[in-house]
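Chain by chain, the residues run as shown.
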Amino acid sequence: MSKLGRRKFLVYGAAGLGFSVLLKGCAGNSDTASNTNNSDAPGAAGGGGGDTIKVGILHSLSGTMAISETTVVDAEMLAIEEINAAGGVLGKQIEAIQEDGASDWPTFAEKAAKLIDQDKVATVFGCWTSASRKAVLPVFESKKHMLWYPVQYEGQECSNNVFYTGAAPNQQIEPAVDWLLENKGKEFFLVGSDYVFPRTANNIIKEQLKAKGGKVVGEDYIPLGDTEVTAIITKIKAALPKGGVIFNSLNGDTNVAFFKQLQGAGLKPDKYPVMSVSVAEEEVRQIGPEYLKGHYASWNYYQTVDTPANKKFVEAFKAKYGDDRVTNDPMEAAYIMVYLWKQAVEKAGTTDLEPVRQAAIGQELDAPEGKVTMQPNHHISKTVRIGQVRDDGLFDIVWSTEGPLDPIPWNQYVAETKGYACDWTDPAKGGKYKVKA
């Protein structure tokens, strides 16, 4: 069934090559959110009243972000098919209702409301860019519903209505900066798409470099979807005449033009190493490995991660979508969030929102990336890895943490959020509270 075709369909049985899970129960808003708990009145989420449990899938299937988001849908659908083949959730099959955010933030908000109000879904798996997540956040908070968000992001948010399975900055951006300072130099040029994630991420990087003796020699942004990158490459050459680090937070198909013109201008990875935080195996495949070989990315997962669970995941994905397809970090985070939600529903014994919200905290999974655990701040512990692009478009892992790092949503380099934390198991703390010294 085409991911661009029918939006509403049932997925029953398919060969399920699921990975092992470790289930452990645990008792247990955005940057403008107060430090009080956004507690929800217990109630039915919908989606589970009939013979199936409805869930929403909300990603860009068209527009500039489709290069990345369509693959995330593939991973979510694989997880749903595996779960259905293994008996479903609470004895019911999962019914996936897809909506296209179309790389347009108001459309994301409109579709989120539609999934909640009309389709009565039990939860929504969705978004990629922080702009899309920020657009739908008021919808989920006003309706006290639940979004599972699979992509690394800039932090500075901790909503009771969102479960974040991508990396917080201390699980991706900050370790990448530390590694670059130690291995590639102290002069950085920051390039990103012109929206909230790159700008906030770069603010964090600038504060981190100040604290650690690095230097930002240039910073520039390109509108999402813009492929005119000549001017920014000229600025990089002027600011780094002898070479230096390029920290790249471009998103979507702008990366195609950027890497091709970067190589055309003679800025090669030996003198101008690029560290990307939104370019993974799928983007490398579509841009062309010959343009990215030798450059770097910071993620928690690569297709080359050597775990039994990852071997099963990659085999299952290729069996469904083709041997030429690749897996990547956002896809893996999307895949595991479906399983984490399933475990929470089974622990709660219901699809009702508040019991599931409480049951999700403490869930553990033997994921393809390694063991993950959902923390009280609605983010998961994750291992950090630096990868270098090789000839075949996959990544050699050149560095990793010894094990999972706990997530820190409120950044500790930025003065406004230093000393703050999030804990949704404690009503007195909630989304943002001051940690005692």
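Here the residue numbers are simple positions, counted from 1 along each chain's written sequence. Two thresholds apply to this predicted model, a pLDDT of at least 70 for residue-level local features and 80 or more for giving and counting side-chain atom pairs, whereas whole-chain, interface and lining totals are computed over all residues. Side-chain metrics rest on all non-hydrogen atoms present in the structure, leaving aside hydrogens and water.

S.K.: What is the right way to look at the packing of helix H11 (residues 329–348) against helix H12 (residues 353–360) in this model?
M.R.: The packing of two helices is summarised by the inter-axis angle and the distance between the axes. Helix axes are fitted to C-alpha atoms over the stretch in contact, other axes to C-alpha atoms as well, and angles between N-to-C directions run from 0 to 180 degrees. Runs of H or I in DSSP of at least four residues are treated as helices and runs of E of at least two as strands, each being numbered from the N terminus. One way to put it is that H11 packs onto H12 with a least axis distance of 8 Å and a crossing angle of 115°. With respect to H12, the element H11 is oriented roughly perpendicular. Viewed along their axes, H11 and H12 form a crossing whose handedness is right-handed. For the pair H11 and H12, contact is made by Trp341, Ala344, Val345, Lys347 and Ala348 and by Pro355, Val356, Ala359 and Ala360, respectively. Each residue gets one of three labels, nonpolar for Ala, Val, Leu, Ile, Met, Phe, Trp, Tyr, Cys and Pro, charged for Asp, Glu, Lys and Arg, and polar for the others, Gly among them. Residue composition of the contact of H11 with H12, grouped by class: 8 nonpolar, no polar and 1 charged. If an angle is under 35 degrees, it is roughly parallel; if it is over 145, roughly antiparallel; if it lies from 65 to 115, roughly perpendicular; otherwise it is oblique. Helix crossings get a hand from a simple test, with the near helix turned counterclockwise from the far one by less than a right angle marking a left-handed crossing and a clockwise turn marking a right-handed one. Only heavy atoms enter the contact rule, under which two residues are in contact if any of them lie within 4.5 Å.

S.K.: Looking at this model, I keep getting lost on empty space enclosed by the protein. Mind explaining?
M.R.: Gaps between atoms show up when a probe of the same size as a water molecule is rolled over them. Each pocket or cavity is described by its volume, and for the largest cavity that value is around 40 Å³. Definitions used throughout: a 1 Å grid over protein atoms alone; a cavity as a set of points that fits a 1.4 Å probe which cannot get out; a pocket as an open set with protein on both sides within 12 Å along at least five of seven lines; a lining residue as one with an atom within 4 Å of a point. If you trace the largest cavity, you find it lined by Trp128, Thr129, Ser130, Tyr149, Val151, Gln152, Tyr195, Phe197, Asn251 and Ser278. In terms of residue class, the lining of the largest cavity is made up of 5 nonpolar, 5 polar and no charged. Grid points are joined across faces, edges and corners, and a volume is the space filled by probe spheres set on the points.

S.K.: Explanation requested: the packing of aromatic side chains in the structure shown.
M.R.: Within a pair of aromatic rings, the relevant descriptors are the distance that separates the centres and the angle that separates the planes. Classification of ring pairs rests on two measures: the distance between centres of Phe, Tyr or Trp rings, Trp counted by its six-membered ring, which must be within 6.5 Å, and the angle between planes, read as stacked under 30 degrees, edge-to-face over 60 and tilted in between. Applying the stated criterion across every chain yields a total of 14 aromatic pairs. Here the aromatic rings of Phe125 and Trp341 are separated by 5.8 Å at their centres, their planes lie at 85°, and the arrangement is edge-to-face. Here Phe125, found in strand E4 (residues 124–126), pairs with Trp341, found in helix H11; they are 216 residues apart in sequence, far enough to count as distant. No difference in accessibility class separates Phe125 from Trp341, as the two residues are buried. Considering the side-chain rings of Trp179 and Tyr296, the 5.1 Å spacing of their centres and the 55° angle between planes classify their relative orientation as tilted. Of this pair, Trp179 sits in helix H4 (residues 173–183) while Tyr296 sits in strand E11 (residues 296–299), and the two are 117 residues apart along the sequence. On the accessibility criterion, Trp179 (10% relative accessible area) is buried. Here, a charge over a ring is recorded when the distance from Lys NZ or Arg CZ to the ring centre is within 6 Å and its angle to the ring normal is within 35 degrees. Lying over the aromatic face of Trp410, Lys432 brings its terminal NZ or CZ to 4.6 Å of the ring centre. Over the ring of Tyr420 we find Lys432, and its NZ or CZ is 5.0 Å from the ring centre. Note on exposure labels: buried denotes an accessible area under 20% of the residue type's maximum, exposed denotes more than 50%, and partly exposed covers the range between, all computed with a 1.4 Å probe on protein chains only.

S.K.: What am I meant to see in unusual backbone geometry here?
M.R.: Peptide bonds are, in most cases, trans, and in most cases residues other than glycine have a negative phi. Even without being glycine, Ser103 reaches a positive phi, approximately 55°. Looking at the element boundaries, Ser103 is found in the loop between strand E3 (93–100) and helix H2 (105–117). When its relative accessible area of 16% is taken as the criterion, Ser103 is described as buried. If you check the backbone angles, His378 has positive phi at about 70° while not being a glycine. Looking at the secondary structure, you find His378 in the loop between strand E13 (370–373) and strand E14 (385–389). By relative accessible area, His378 is classed as buried at 0%.

S.K.: I would appreciate a short explanation of the environment of Glu416 in the present structure.
M.R.: Tracing the chain through its elements places Glu416 in the loop between strand E15 (395–400) and strand E16 (420–423). The class of Glu416 is exposed, set by a relative accessible area of 58%. In sequence terms Glu416 and Gln156 are 260 residues apart; their C-alpha atoms lie 9.9 Å from each other.

S.K.: Can you help me understand the sheet that holds strand E7 (residues 187–193) in this one?
M.R.: Sheets are built from strands that pair by backbone hydrogen bonding, the pairs being arranged parallel or antiparallel. Paired strands, in this sense, are two strands between which DSSP finds at least two bridges. Strand order in the open sheet formed by 7 strands is E8-E7-E9-E10-E11-E14-E15, and the pairing between neighbours is mixed. Each end of this open sheet is capped by a strand with a single partner; those strands are strand E8 (215–222) and E15. Neighbour-to-neighbour, the strand axes of the sheet open up by a mean angle of 25°, direction not taken into account. Where strand E10 (residues 274–276) and E11 come together, 2 bridges link them in parallel fashion. Bridge pairing in E11 places Met275 opposite Tyr296. Relative to the sheet, helix H6 (residues 230–239) contacts E7, E8 and strand E9 (245–249), its axis offset from that of E8 by approximately 175°. Relative to E9, helix H7 (residues 254–264) is tilted by about 165°, and along the sheet it contacts E7, E8, E9 and E10.

S.K.: Sorry if this is basic, but what is going on with the pattern of salt bridges here?
M.R.: Between side chains of opposite charge, a pair can form as their charged atoms come close. Throughout this description, the term salt bridge denotes a Lys or Arg side-chain nitrogen within 4 Å of a carboxyl oxygen of Asp or Glu. With the rule as written, the count across this model stands at 22 salt bridges. The partner of Asp194 in a salt bridge is Arg199, with the nearest N and O atoms 2.7 Å apart. For Asp220, the salt bridge identified is with Lys235, shortest N-O distance 2.6 Å. On the criterion of sequence distance, the pair formed by Asp220 in strand E8 and Lys235 in helix H6 is long-range, its members being 15 residues apart. Each member of the salt-bridge network shares a partner with another, and the members are Glu99, Lys111, Lys114 and Asp119.

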